[in-house]
Amino acid sequence: MMKNRNHRLTIYLLIPILLILIAYVLYPSIKTLIESLQKDGIYTLANYSDFFVQESKTNLEALWNSVYISVLSVIASALIGIPLAFIFNRYQFPGRGFFASAAIMPIVLPSLVGVMAFMFLYGETGLIPNAIKDLFGLEKVPFSIGGVSGILIVHAYTMYVYFYMTVSSAINKIDPSLEEAAYNLGASKFKVFWKVTFPLLTPAIVAASLLVFMISMASFSAPFLLAGGYRVLSLQIYFSKINGDMEIAATQSVILSIVSISFLLFMRWYQNRKDYRMATKGIGAHRSEVKNPFLKWVMVVCGVIGVLILLLPHLTILLLSLVPDGTWTWQTYPTVFNIENYRLLLDDPNIWKPIKNSLLLAIIATAGNFVFGVFTSYLLVKRKFIGKSFIDILVMIPWALPATVIGMNLIFAFNEPNIFSFGHILVGTFAILPLAYFVRHIPLVVRSTNAVLEQLDDSLEEASRNLGAKWFYTFRRVILPIIMPGVLSGTLLAFIESVGEFPTSVLLYTLANRPISIEIMNQLRMFNMGQAAAYGMFQIALIAIVLFISNKFFGVKAEQSL
């Protein structure tokens, strides 16, 4: 009897989940592939031939540049994040806790806002290069960011956090007795690191590398504002779309998807070559006190300098938001400061509308991610059925696909009525953006919920069911409260990403549903720097408030979301 009930429950959960994944993940991807195989109304490989053999080689150049920047971004982020993880988790010195918390500050900086901050800080007309020029009486600024170097600097700043947090978590789970045993056997510090510590950190490093590579391949804001004439494939897709070359855009999307998925498969193969599990269950890693006074204060000074560097982009946006539009034109530095930009945001309904839109879009999409993610994770972890691997692959596809590709997939799928859109055209409507955010962030909630569900003993659910409780009551009163921290960590990250989402927004927005990121871009185009910065501050404040509430009332910290 119980077996039959469980079987029916699995079917009831499977059908809607499978329909949603087919309708909004698989079907749009297939439509893009079909579009890439058409030219002048016939099916052909001509678009792919043009991509690889065209005389200008612009697409091949853009593809190579995307891969090149992504690999360099992984290396740069790792070189910053991994050493910081070791310093803050292996050594105790004054201010360590504060510096460790400050190291995750880039997470509250949306991508477009971060790029804007770096432009005003380190660009040719930036505050720091001009301050150095004036201080030393130079004829021109000593440096400015742009092109490849500018993109890499922004990527390293915003993405090292993924290495820092994942490696920190892994370090704290390493049993110190393993390293102590190696030392007692006469191994040097380097050999212990290379033969013991590093292999145990491999899964964390691979996971962070995957995440950084995927985000870099999908990067849009930094190339959009800093690249100049430097081509990357995510930008090429956007330009093809706005020029009306939809077949070329589809082909570029398919190629970008293949590269991203190939890297995902390669890194998973590399990770699965060995077994990295520990056979012991020791205490967590302990931190060594830095006893050398000189070295101790060198670390404190470096920590203070590091915090200032981390906070400079945030402080720059705050400073610019206090500069009224039209008062900083030819001057090297702004001279007028007031709260005019904030007053306009609060007084003018039209100016306030993008903030309202962003909140509404993010709430709708995140609510969908929460509900869908919880039930999908439960189905994958706690239920047995044929086709589980297929469902798991469909769930992970949005994680492997760049944001621009997801945007193009939805354009091709819903620019005409079909059964999945209930006979309506979704492109050009308010609904397309929350749908895009929902699809984009499905894996975040599912992955975070999987982690806690796998640790949940099945006997808890069985005991409740044996006492006569219905499944939904058991799920709501027993299972959900236990797994809530994991669910909320993924939901929190999904909300943060939705609030700052730019690549899919720029492909799908309309005047009625334009979010904050699009309005920031519009204000920058009109050279209204103060208004753009004020919108950016609202984004930062909104993300910071969500992080504070989740930590204060639900015990979910930002680092648990990564």
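What you are looking at is a predicted structure, and each value in this text was computed from that prediction instead of being measured.

Before going further, it helps to spend a moment on the overall build of the protein. Each helix and strand in the protein was counted, giving 24 helices and 4 strands. Since a compact globule built from 562 residues should have a radius of gyration of about 24 Å, the 25 Å found for the protein is in line with a globular shape. Principal axes of the C-alpha set define a box for the protein whose edges measure 85 × 70 × 55 Å. Here the protein holds 562 residues, and 51% of them are scored as buried. Within the protein, counting contacts between residues at least 6 apart in sequence, those at least 24 apart form 77% of the total. On the protein, roughly 26600 Å² of surface is accessible, and the fraction owed to carbon and sulfur atoms is 66%.

In the structure shown here, the tally under the stated rule is 6 salt bridges. Asp 347 is the salt-bridge partner of Arg 343, the closest N and O atoms lying 3.0 Å from each other. Taken as a pair, Arg 343 and Asp 347 lie in helix H14 (residues 340-347) at a separation of 4 residues, close to a single helical turn. In this structure Arg 343 comes out as partly exposed when scored by relative accessible area, which is 40%. Salt bridges here are not isolated pairs; linked through shared partners, they connect Glu 340, Arg 343 and Asp 347.

The N-to-C vectors of helix H3 (residues 58-90) and helix H11 (residues 233-242) enclose an angle of 140°; their axes lie 8 Å apart at closest approach. When the interaxial angle is binned, H3 and H11 end up oblique. Across from Thr 58, Asn 59, Ala 62, Leu 63 and Ser 66 in H3, the residues of H11 making contact are Leu 233, Ser 234 and Gln 236. Considered class by class, the residues forming the contact of H3 with H11 number 3 nonpolar, 5 polar and no charged.

What follows is about unusual backbone geometry. You will see that Phe 422, though not glycine, has its phi angle at about 55°, which is positive. For Phe 422, a relative accessible area of 67% translates into the label exposed. Residues other than glycine seldom take positive phi values, yet Phe 527 does so here, at roughly 60°. Positionally, Phe 527 belongs in the loop between helix H23 (516-525) and helix H24 (529-554). The class for Phe 527 is exposed, based on a relative accessible area of 64%.

Here the focus is the packing of aromatic side chains. By the definition in use, this model includes 20 aromatic pairs. Taken together, a centroid distance of 5.3 Å and an interplanar angle of 85° make the contact between Phe 220 and Tyr 238 edge-to-face. Separated by 18 residues along the polypeptide, Phe 220 in the loop between helix H9 (189-218) and helix H10 (221-226) and Tyr 238 in helix H11 bring together distant segments of the chain. Ring geometry for Phe 372 and Phe 438: centres 5.6 Å apart, planes at 75°, overall edge-to-face. With a gap of 66 residues between them, Phe 372 in helix H15 (residues 349-382) and Phe 438 in helix H18 (residues 432-440) connect regions that are remote in the sequence.

Conventions used here
Residues numbered from 1 in each chain as written. Predicted model: local features only at pLDDT ≥ 70, side-chain atom pairs only at ≥ 80, totals over all residues. Heavy atoms only, no water. Helix = DSSP H or I, 4+ residues; strand = E, 2+ residues; numbered from the N terminus. Rg over C-alpha atoms; globule rule 2.2 N^0.38 Å. Buried < 20%, exposed > 50% of the residue type's maximum accessible area, 1.4 Å probe, protein only. Contact = heavy atoms within 4.5 Å. Areas by Shrake-Rupley, 256 points an atom, 1.4 Å probe, with all protein chains shown as cover. Salt bridge = Lys/Arg side-chain N within 4 Å of Asp/Glu carboxyl O. Axes fitted to C-alpha atoms, helices over the stretch in contact; angles between N-to-C directions. Parallel < 35°, antiparallel > 145°, perpendicular 65-115°, else oblique. Nonpolar A, V, L, I, M, F, W, Y, C, P; charged D, E, K, R; others polar. Phe/Tyr/Trp six-rings, centres within 6.5 Å; stacked < 30°, edge-to-face > 60°.

By themselves, these figures tell us nothing about what the structure is for.
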